[in-house]
Amino acid sequence: MRFGEVVIINKSMKKIKLFVIAVVIIAGSLFMWQYVNNFLSKSRAAVDRVDLTLSPKSETLKVGEEKTIVLLIKPQLVDGDKKISGIDLTIATEGNISILGLTPPAPFPLGSNTNLKGAQLINDVKEKQARIAYVYTNPSNELSSVLQIQLRIKGTAPGSGKLVINKEKTEIAGIAIGNIFELGLVDETSYSVSGQAGPSVTLQISPKTTQKEVGEAFPLTFQIVNTPEGKGISAFTINLSYDKDLLEIISVGDPIDAVTNGDKDKFTQGKKEINQNKGEIILSYLSTVAQDQLPKKPKIEIQVKGKKTGTGEFKIVSAQVTGNISENEYQTSIENASYDIVSDGGPTNTPVPTGGTDGNVKLNLKLKFQGILGKPADALNKMAVKIKLLNELTETATDYKSADFTADDKGVWSGNTSFNIDVNAKYILYVKGPYHIQKKICDEKPIETADGTYSCIKGNISLKKGYNDVFDLTGIILLVGDLPDQNGAVDAYDISLVRNNLGKTDETSVANSDVNRDGIVDTQDYSSIIAALSIKQDEE
Amino acid sequence: MENNQSNKKIFIYLLIMFFAFFIGTSIFLILNNKPQPPSEKETATAPTVIPPAEVKSTEGALSLILDQEDKTSFPKDKEITINLEADSMEKNISGYDVVISYDPLAFEFVKATSLLTDFNIYSYKKESYLAFVGTKTLQSQAPSVFDKTKIMSLIFRPLKAGQFDFVLKPVINKDNTNFITDETETLNPALNELKVEIY
């Protein structure tokens, strides 16, 4: 090799070296930039993480068997500052398990923060997926750091299944950078479902529906039925719940066997706790008689009394039943009961009308509103409805009275008010909801064939002094359209308010434009209000 | 020569260090990379403030103009077309209300048509006036800023000869004329009136 060639090769090598160094430096800089940008500059956000843990992580269920799984939402640093203000969580099942339900988030440990107040925006449970959205309204210092949700799952077929939290559709809000926690550890579970469905019994509360007056005592019966032929019940523990504001427990009897309507001595009391402040009853009984003498249909009578008007459910929240079967524990199916406490029609023990107590005529009304088919979440289950009466003879109208209405499971809203009027006249009733066009009603039981089509001219409503029968106006639908601040018409402002808030779940947006009270301003609200353009103005 | 070789060694060490750094960083990034929550996604507690409906004295303009702008006289046997021209002062509009008073004995209202494809119009024929509600479709995400934009076309059939007025009114009964912005702000535009002669 000649000298000239060596120089050229050395020069080429130098160029290659420089090129490699340049590439290395550029690539290094890019990685450094990405590293700093993604991690170092967000180091605090990384600290603001929550772990979502499920317990138990593995379990064996029988086909048809139900289990409760606890989901804990816990910041990685529980230092007193990291509080949770809201959740939007989606959890799905894979394989042979299904989701039956999930409870709203509660502070952990239970009862640790009794001041916590919130609103359930979404609780959408489908067989294979459930979503819950919940926000707390407390100031930040009153929020909880750790929350728990209980999920009820059921084995559907032999095999395996698991619960999977959908990270993409889950957000935990709170005192964190950007108000949103990053998700840290997110558990998956693995369950195996075995064999055929085991022997089962049905736990029921009867009668399934009851309507009683305020102050009236009535019995509800808890009973275990459908016990397999030749088998009996050796022990049972049940946890019952009821609305403490609507019902008062007068007494809880001892169990008897419904087969003989006796055999009290077959049962030994384990636990009998009645907590009127919580609306909770826990009962536990044991039967120590011979296997072939075991009771087959334990029955307990519970005497209750209506405290104030409203509807609610008497529920079996959890149950454990054992017997002389090889599996020891029965699988259970549950049948709850609902109750409707109405006004007693007399001057004593009556609810206080929210629309005023000064009138000589007391009205109880039942209403249905467009787009609301069930009971909204508690925080949304109250609407202030304006009501007035027009004397058909003198054509004079009363002032509006505002009354709070609440809904039952069927979306029927109940409320009451009172007026000082001449009871000898016939009246027209005007009802206007907080998101609604005013409805003119001339009949005591109006009906319509299509939503919003009822109309009338002449008032035909007779009223009497004191408490009148419940005015069941559920044969007609009150159309939405006139949103706050109301001006008596559906206009571009109302429609734009819904349109501009679409998808929002914050308190203000929901309070102003969630007309179907499902906790989110969505296309259903928009469609409802567009439909109301066919009426446009309050009926006068 | 020795100097050259030590340079080579330094170069190789540097190269190894950089590559080690890349590999380490890459592994770290892959192991720790998590999907970032979409920044615009609504959260359960995202503070959203709906501005109250502010009513301003006059903002923007709404004008009635004849379709044939050079003519003000029309034969009785021909329908006339009046357009509504809007100026929203750079505000993005999501809905509007319009009230037009006219002589119903002199004209029969035939129809109103939206000249904007992403707005629907709802018409209300009252005793002596017409009320309209214009609503932007849900599908439309494009901003709707009116800048002398013809938003609506109205067709009337003359019933008798004479000189008549079509007047945009700020309010009649419970019907208003206004624009509603994408922030649910109410704008009260300046309004005009239109004289038409029928012969």
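Computed from a predicted model, the values in this text were never measured in an experiment. (Residues numbered from 1 in each chain as written. Chains lettered and ligands numbered in written order. Predicted model: local features only at pLDDT ≥ 70, side-chain atom pairs only at ≥ 80, totals over all residues.)

1. Some words on the overall build of chain A
And then number 1: Counting its regular elements, chain A contains five helices and 34 strands.
And then number 2: Put simply, chain A has 540 residues, and 39% of those count as buried.
And then number 3: For chain A, long-range pairs separated by at least 24 residues make up 76% of all intrachain contacts whose partners lie at least 6 apart in sequence. (Helix = DSSP H or I, 4+ residues; strand = E, 2+ residues; numbered from the N terminus. Buried ≥ 20, exposed ≤ 12 C-beta atoms within 10 Å, placed from the backbone. Contact = placed C-beta atoms within 7 Å.)

2. What about the interface of chain A and chain B?
And then number 1: Counting residues at the interface gives 43 residues for chain A, matched by 38 residues for chain B.
And then number 2: Mapped onto the side of chain A that touches chain B, the elements with two or more residues apiece are α1 (3-40), β4 (84-95), β8 (129-136), β11 (171-174), α3 (492-500), α4 (507-513) and α5 (523-531) of chain A.
And then number 3: In terms of residues, the side of chain A that touches chain B owes the most to one element, α3 of chain A, which gives seven residues.
And then number 4: Of the residues in the side of chain A that touches chain B, the class split is 17 nonpolar, 16 polar and ten charged. (Nonpolar A, V, L, I, M, F, W, Y, C, P; charged D, E, K, R; others polar.)

3. A short note on the nonpolar core
All names here are of chain A.
And then number 1: One finds I73, L367 and L429 to be the most contacted residues of the largest nonpolar core, which totals 116 residues.
And then number 2: Excluding residues that lie within four positions of it along the chain, I73 makes contacts with V50, L52, I84, I87, P105, V146, L147 and I172.
And then number 3: One finds L240, F267, Y285 and I302 within the second-largest nonpolar core, a separate group that totals 31 residues. (Core = buried A, V, L, I, M, F, W, Y, C linked by C-beta atoms within 7 Å.)

4. So, the pairing of strand β16 (residues 217-225) of chain A
Two faces belong to every sheet, and in a regular strand the side chains alternate between them.
Residue and element names in this part refer to chain A.
And then number 1: Two strands pair when backbone bridges link them, and strand β14 (residues 200-206) and β16 are joined in this way by five bridges, in the antiparallel orientation. Residue pairing for β16: Q204 is matched across the bridge by Q223.
And then number 2: Across seven bridges, β16 lies against strand β22 (residues 298-306) in antiparallel orientation. Directly across from P219, in β22, lies its bridge partner Q303. (Pairing = 2+ DSSP bridges.)

5. Observations concerning the sheet that holds strand β17 (residues 233-241) of chain A
Residue and element names in this part refer to chain A.
And then number 1: In space, the six strands of this open sheet follow the order β15-β25-β23-β17-β21-β20, with mixed pairing throughout. Edge positions in the open sheet fall to β15 (209-213) and β20 (268-275), since each of these has one partner strand only. Ignoring strand direction, the axes of neighbouring strands in this sheet form an average angle of 15°.
And then number 2: When β17 meets strand β21 (residues 280-286), the two strands line up antiparallel, connected through seven bridges. Note on β21: the bridge partner recorded for A235 is L286. (Axes fitted to C-alpha atoms, helices over the stretch in contact; angles between N-to-C directions.)

6. Considering unusual backbone geometry
All names here are of chain A.
And then number 1: A cis amide bond links S55 to the next residue, P56, at an omega of 0°.
And then number 2: Mapped onto the elements of the fold, P56 is located in the loop between β1 (49-55) and β2 (58-62).
And then number 3: Located in the positive-phi region is D263, a residue other than glycine, with phi close to 60°.
And then number 4: Mapped onto the elements, D263 comes out in the loop between β19 (256-257) and β20.
And then number 5: Taking the C-beta count within 10 Å as the criterion, D263 has 18 such neighbours and is therefore assigned partly exposed.
And then number 6: Despite not being glycine, R517 has its phi angle at roughly 55°, a positive value.
And then number 7: Within the secondary structure, R517 sits in the loop between α4 and α5.

7. Quick word on the environment of G162 of chain B
All names here are of chain B.
And then number 1: Mapped onto the elements of the fold, G162 is located in strand β8 (residues 162-168).
And then number 2: On the neighbour-count criterion, G162 (14 C-beta atoms within 10 Å) is partly exposed.
And then number 3: It is 8.3 Å that separates the C-alpha atoms of G162 and A106, two residues lying 56 residues apart in sequence.
And then number 4: Residues contacting G162, with those up to four places away along its chain left out, are A106 and I198.

8. Some details on the pairing of strand β12 (residues 180-186) of chain A
Residues and elements named next belong to chain A.
And then number 1: Two elements, β1 and β12, share three bridges in a ladder whose sense is parallel. From the neighbouring strand, L52 faces β12, where its bridge partner is V186.
And then number 2: In the sheet, β11 pairs with β12 via two bridges, with the strands oriented antiparallel. Each residue of the ladder has a partner; that of A173, found in β12, is I180.

9. Observations regarding the packing of α3 of chain A against α5 of chain A
Residues and elements named next belong to chain A.
And then number 1: Across the interface, α3 lies against α5 with an axial gap of 9 Å and an inter-helix angle of 170°. Relative to α5, the element α3 is oriented roughly antiparallel. At the point where α3 passes α5, the crossing takes the left-handed sense. Two secondary-structure elements touch here, α3 through D494, I495, V498 and R499 and α5 through D525, Y526, I529 and I530.
And then number 2: Across the contact of α3 with α5, the residue classes tally to five nonpolar, no polar and three charged. (Parallel < 35°, antiparallel > 145°, perpendicular 65-115°, else oblique. Left-handed = near helix turned anticlockwise from the far one by under 90°.)

10. As for the confidence of the model for chain A
All names here are of chain A.
And then number 1: Averaged over chain A, the pLDDT score is 83; the fraction of residues at 70 or greater is 89%.
And then number 2: Note on residues 39-46: pLDDT is under 50 here. Beyond four places in sequence and across chains, it has six contacts.
And then number 3: Confidence drops under a pLDDT of 50 for residues 346-354, and excluding neighbours within four residues, the segment shows 23 contacts in the predicted structure. (pLDDT = per-residue confidence, 0-100.)

11. Quick look at the environment of I153 of chain A
All names here are of chain A.
And then number 1: Structurally, the position occupied by I153 is in strand β9 (residues 147-155).
And then number 2: A sequence separation of 54 residues divides I153 from I99, and the C-alpha atoms of the two residues are 4.5 Å apart.
And then number 3: Ignoring anything within four residues of it in the chain, the contact list for I153 reads E66, K67, I69, I97, S98, I99, L100 and L163.

12. Considerations on the environment of D422 of chain A
And then number 1: Assignment of secondary structure puts D422 of chain A in the loop between β29 (413-419) and β30 (426-432).
And then number 2: The sequence separation of D422 of chain A and V361 of chain A amounts to 61 residues, and the corresponding C-alpha distance is 9.1 Å.

13. A word on α5 of chain A
And then number 1: Of the positions making up α5 of chain A, those classed as buried are D525, S528, I529 and I530 of chain A.
And then number 2: Tucked into the core, α5 of chain A has its buried residues touching α3 and α4 of chain A.

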